[in-house]
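Fold and geometry: a report
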Amino acid sequence: MKNYWIFSVPLWAREHESVNTRVAYATKPGTKLVYSVIEYKKITKGVLQMNKTIVIEIGHRANDAGTVGGGLRETDLALAAGLEFKRQVERHGFTTILNRIEWAGEPLTEFYKKAANASPAAGIAFHWNAGGGNGFECYTQTNGMHLRSIELSSAIADEMKAITVMRPNPVRNCNTHPTPNGQNYTSLINSVPAPFSYCEMGFIDNATDRVRFDTIEKQKRYGVCAAKGVLKYLGVSWIEEGEGVQSPPAKSILYRVQVGAFADKSNAEKFRDELRGKGYPDAFIV
Ligand SMILES: [Zn+2]
């Protein structure tokens, strides 16, 4: 019997695995991926495509400020961070589905139905916390997506370390999350057929924590770090702003002009230096 080895399986491709199939990939995930499915010891070939949609829930709405503290409202913070997240992932070639752009928004149950139908690659919710604590925590799905949700959440938490502190056990099961207004987040995020992370970015009623997000610019950093985490999880390399948008250097043919011929090397060097001094820094001797 011949053994086929799986050398790597990108995280986002794991839903394509089943008891009898394994996916091996030969190029990096992103666009087109040639893979081999080992099924009943038979190899078939195909192309695996990552869905390029990301679900974004921006916590709360106009008539629901969420938590408040120190003159800040959760709804505003979530909006600033969420929209920055959207901008960042779209910059990396993803499309997004989000529940609100400004103050209105559809009921969350409707939004999550729409999100589920979009077969997304991943999803995230932006919230802020209150009630005694400091730093970042996030909540995972509890169903079949659980392990991948942990991986996604851990990737986000890792990036958040650059701007905030971690709560004890920052990656938690969603069913341990308090349910203000009876909102059952577990069933909502479990309904998304992709890894999802419900993030509580910080504690709005904690003055120490608040310094980390008391301006819009600081709030946006939460969106940037979240985007870095989600993209890393999806196997997409982070591109710094401005990178990749410069026009590539023109394919240049260089014409060289000879401006002197010397029998004596030191004279040649002298003339070269003179040229360099006159605004031809590339002058050289052959
Ligand atoms: Zn909230």
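Rules behind the numbers
- Residues numbered from 1 in each chain as written.
- Predicted model: local features only at pLDDT ≥ 70, side-chain atom pairs only at ≥ 80, totals over all residues.
- Helix = DSSP H or I, 4+ residues; strand = E, 2+ residues; numbered from the N terminus.
- Buried ≥ 20, exposed ≤ 12 C-beta atoms within 10 Å, placed from the backbone.
- Contact = placed C-beta atoms within 7 Å.
- Pairing = 2+ DSSP bridges.
- Axes fitted to C-alpha atoms, helices over the stretch in contact; angles between N-to-C directions.
- pLDDT = per-residue confidence, 0-100.
- Expected span 1.5 Å × (residues − 1).
- Parallel < 35°, antiparallel > 145°, perpendicular 65-115°, else oblique.
- Left-handed = near helix turned anticlockwise from the far one by under 90°.
- Nonpolar A, V, L, I, M, F, W, Y, C, P; charged D, E, K, R; others polar.
- Core = buried A, V, L, I, M, F, W, Y, C linked by C-beta atoms within 7 Å.

Here's the deal with the overall build of the protein
- Assigned secondary structure in the protein consists of 7 helices and 11 strands.
- Looking at the 286 residues of the protein, the share that counts as buried comes to 34%.
- Taking all contacts inside the protein whose residues are at least 6 apart in sequence as the whole, residues at least 24 apart take part in 68%.

Some details on the sheet that holds strand β10 (residues 166-173)
- Read from one edge to the other, the open sheet built from 6 strands follows the order β7-β4-β8-β11-β9-β10, with strand pairing classed as mixed. Two strands lie at the open edges of the sheet, namely β7 (95-98) and β10, each paired on one side alone. Recorded for the sheet is a direction-independent mean angle of 20 degrees between the axes of neighbouring strands.
- Sheet topology places strand β8 (residues 122-129) next to strand β11 (residues 196-203); 6 bridges connect them, and they run parallel. Across the sheet, residue F126 finds its bridge partner in β11, namely C199.
- Packed onto the sheet, helix α6 (residues 216-233) meets β4 (53-58), β8 and β11 and runs at close to 150 degrees relative to β8.

Digging into the confidence of the model for the protein
- Scored by pLDDT, the protein comes out at a mean of 80, with 75% of its residues at no less than 70.
- Across the protein, the secondary-structure element scoring lowest on mean pLDDT is strand β2 (residues 33-39), at 38, and the one scoring highest is β11, at 98.
- Contacts for the low-pLDDT stretch residues 1-10, under 50 throughout, to residues beyond four places or in other chains number 12 contacts.
- In this model, residues 246-251 is a region of pLDDT below 50 whose contacts with residues beyond four sequence positions or in other chains number 0 contacts.

Quick notes on helix α7 (residues 265-277)
- When the terminal C-alpha atoms of α7 are compared, their 18 Å separation across 13 residues agrees well with the 18 Å that a helix rising 1.5 Å per residue should span.
- Taken across its 13 residues, α7 has 0 buried, putting it largely on the surface.
- Looking one or two residues beyond α7, the residue adopting positive phi is G279, at roughly 100 degrees.

Side note on the packing of helix α3 (residues 146-160) against α6
- Direction vectors running N to C along α3 and α6 enclose 140 degrees, while the axes themselves pass 8 Å from each other. Between α3 and α6, the angle is such that the two are oblique. Two packed elements cross with a definite hand, and for α3 against α6 that hand is right-handed. Of the residues in α6, those in contact with E151, L152, A155, I156, D158, E159 and M160 of α3 are C225, A226, K228, G229, V230, K232 and Y233.
- Class assignment for the residues of the contact of α3 with α6 results in 8 nonpolar, 1 polar and 5 charged.

Remarks on unusual backbone geometry
- A positive phi angle is found at H60, which is not glycine, with a value near 70 degrees.
- Here H60 shows up in the loop between β4 and β5 (68-69).
- Exposure remark for H60: the 25 C-beta atoms within 10 Å place this residue in the buried category.
- Of note, S119 is a non-glycine position whose phi angle comes to about 40 degrees, a positive value.
- By the C-beta count within 10 Å, which is 11 here, S119 ends up exposed.

Some words on the environment of A226
- Along the chain, A226 turns up in helix α6.
- Here A226 falls in the buried class, since 28 other C-beta atoms lie within 10 Å of it.
- Distance from A226 to A81, taken between C-alpha atoms, is 8.8 Å for residues 145 residues apart in sequence.
- Excluding its chain neighbours within four sequence positions, the residues that come into contact with A226 are F85, I124, I156 and C199.

Remarks on the environment of G202
- Among the secondary structure elements, G202 is positioned in strand β11.
- Sequence separation between G202 and G135 is 67 residues; the distance between their C-alpha atoms is 4.7 Å.
- Each residue touching G202, except ones within four places of it in the same chain, is listed here: W128, N129, G135, F136, T164, D209, R212 and F213.

Some points on the nonpolar core
- Judged by nonpolar contacts, the single largest core of 54 residues is most densely connected at A122, I124, I156, Y198, C199, A226 and V230.
- With 8 residues, the single largest contributor to this core is helix α1 (residues 74-91).
- Not counting the four nearest positions on each side in its chain, V230 is found in contact with I54, V89, A122, I124, L152 and I156.

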